Structures are given as structure tokens and as C-alpha cells.
Amino acid sequence: MLRSLFVLLLVAPFVSAADFKPEPGFAMLFNGMDLSGWQVAPTKDKDKPGETLSGKKETVTKRFVVKDEAIVIDGKAKGDITLFTEKSFAKDAHIQFDFKAGKGCNNDLYFRGMKFDIKDSDIKNLKADDWNSFEIVLIGENAEFKCNGESIKKMKAKPAATTFGIRAEAGAIEIRRVRIKAE
């Protein structure tokens, strides 16, 4: 018995964040290991879809990198790049993830015709240099954005199905445990 307890205490600190289990009804959008299921948005000078990232740990410019089981936007890397899920979502949806915003963070989320800026001036209850929880709750055309359980903004969504996007605009941010519950 004592031996089992010792082994448990020894192994417990090494449980990976990839072992995170989403809440019932939620599906992971980010696997914590690579950018499979995501693609780079097409640029204005391209007519074809963006780069598919299946099995890759970074974008070509290294603006987005998978590190420590999180999608990391390097604030020092250059480029205004957006990642979008390969899958589109319609109807009611609930997106959740954790994020840690770096100094000067001003990066965006896109979903169902809405844009939300992740920056200090827009998120009053932001915990600096710590993990924060974020939610987008969409019922019908009504969307609510929450940080750390507190409602911070309400908007109207467009009815058409869209992907979920993360835009690297300015400053560093880490995003992990991205998951969705959708009809």
C-alpha cells in the first residue's frame, strides 16, 4: 500500500496536459501536440486555400508554434497571420480554452462573423502572466464572451457556418485546451 502511494506521488506530477479530458459533449479542436485540424488563412495574393498544418508543430514563419502543449504566438516573430480550424460550425456552439496573455497582447478571435480582441483594455478581469479561462457561448444569433467565468461582451453572430480562427496580430499569447460543443 505504501509502495503504491509512493509510485502515485512520483508519477502524478508528470501527468501531461494532453491527458486533459474535455467536459461531456465537448470535442478537442487542438490536440496539444501539433497543428492538425488547423490551416493558415489564405493571403490576399493567393487564390488557393492556405497551408494545411496536419502533423506540423509550427507555421512556416514560426508565428504560431506548438510548445508545452499550447499554441504559442511569438510576440517577436513578424507577420499578421490567422489560423482557422479546418472544420466549420453552424447553429449553437460553446467554445472554451485557456490562455496566458503576454505583455502587449492584442490578438484576435474570429467566429461566425464576429471578431474579439484579446487585450488588456477589453478584458477587465484578465490575470496577467497567469492562465485565464475563456468561453464563447453562441445560442441562436446571440453570442456571449466570458473570461474567468465573467461576461465581458455580448454580440450578434451571423447565421452562416464558419470556422474558428485565431489571429496573430501583436504581442505574445499561449492558448491551450481548445474545445467545442456544437450541434
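Summary of the structure given here. (Residues numbered from 1 in each chain as written. Predicted model: local features only at pLDDT ≥ 70, side-chain atom pairs only at ≥ 80, totals over all residues. Heavy atoms only, no water.)

Quick look at the packing of aromatic side chains now. Tallying each qualifying case throughout the model produces 11 aromatic pairs. Residues tryptophan 38 and phenylalanine 164 carry aromatic rings whose centres are separated by 6.3 Å and whose planes lie at 65° to one another, so their mutual orientation is edge-to-face. Of this pair, tryptophan 38 sits in strand β2 (residues 38-40) while phenylalanine 164 is found in strand β12 (residues 164-170), placing the two residues 126 residues apart along the sequence. On the accessibility criterion, tryptophan 38 (0% relative accessible area) is buried. Judged by centre distance (6.1 Å) and plane angle (75°), the rings of phenylalanine 99 and phenylalanine 134 are edge-to-face. Of the two residues, phenylalanine 99 sits in strand β6 (residues 93-101) while phenylalanine 134 sits in strand β9 (residues 132-139), which places them 35 residues apart along the sequence. For phenylalanine 99, a relative accessible area of 0% puts it in the buried group. A residue is classified by how much of its surface remains accessible, and phenylalanine 134, at 0% relative accessible area, is buried. Three or more aromatic residues joined by ring pairs form one cluster here, namely Trp38, Phe89, Phe97, Phe99, Phe111, Phe116, Phe134, Phe145 and Phe164. Cation over ring: arginine 176 sits above tryptophan 131, and NZ or CZ is 3.8 Å from the ring centre. (Phe/Tyr/Trp six-rings, centres within 6.5 Å; stacked < 30°, edge-to-face > 60°. Helix = DSSP H or I, 4+ residues; strand = E, 2+ residues; numbered from the N terminus. Buried < 20%, exposed > 50% of the residue type's maximum accessible area, 1.4 Å probe, protein only. Lys NZ or Arg CZ within 6 Å of the ring centre and 35° of its normal.)

Taking strand neighbours across the sheet as the criterion, the 5 strands line up as β2-β5-β12-β7-β8 in an open arrangement whose pairing is antiparallel. A strand with exactly one partner marks an edge of an open sheet, and here the two such strands are β2 and β8 (114-118). In this sheet, neighbouring strand axes are inclined to one another by 20° on average, regardless of whether the strands run parallel or antiparallel. Bridge count for β2 against strand β5 (residues 81-85) is 3 bridges, and the pairing is antiparallel. (Pairing = 2+ DSSP bridges. Axes fitted to C-alpha atoms, helices over the stretch in contact; angles between N-to-C directions.)

Attention shifts here to the nonpolar core. In this structure, Trp38, Phe97, Phe99, Phe134 and Phe164 are the most contacted members of the largest nonpolar core, which totals 40 residues. Broken down by element, this core gets its largest block of residues, 5 residues, from β6. Residues within four places of phenylalanine 134 in sequence aside, it is in contact with Ile95, Gln96, Phe97, Phe99, Leu109, Phe116, Ile123, Phe145, Lys146, Cys147 and Ile152. (Core = buried A, V, L, I, M, F, W, Y, C linked by side-chain atoms within 4.5 Å. Contact = heavy atoms within 4.5 Å.)

On to the side chain of aspartate 117. Within the secondary structure, aspartate 117 sits in strand β8. Among residues more than four places away in sequence, those in contact with aspartate 117 are Asn106, Asn107, Asp108, Asp122 and Glu169.

Consecutive residues of a regular strand have side chains that alternate between opposite faces of the sheet. Most of β12 is tucked away: 5 of the 7 residues are buried. As defined by bridge partners, β5 adjoins β12 across 4 bridges and the pair is classed as antiparallel. Residue phenylalanine 84 lies in a different strand from β12, and its bridge partner there is glycine 165. In this structure, strand β7 (residues 106-111) lies alongside β12, joined through 5 bridges in antiparallel fashion.

So yeah, pure geometry; function would need other evidence.
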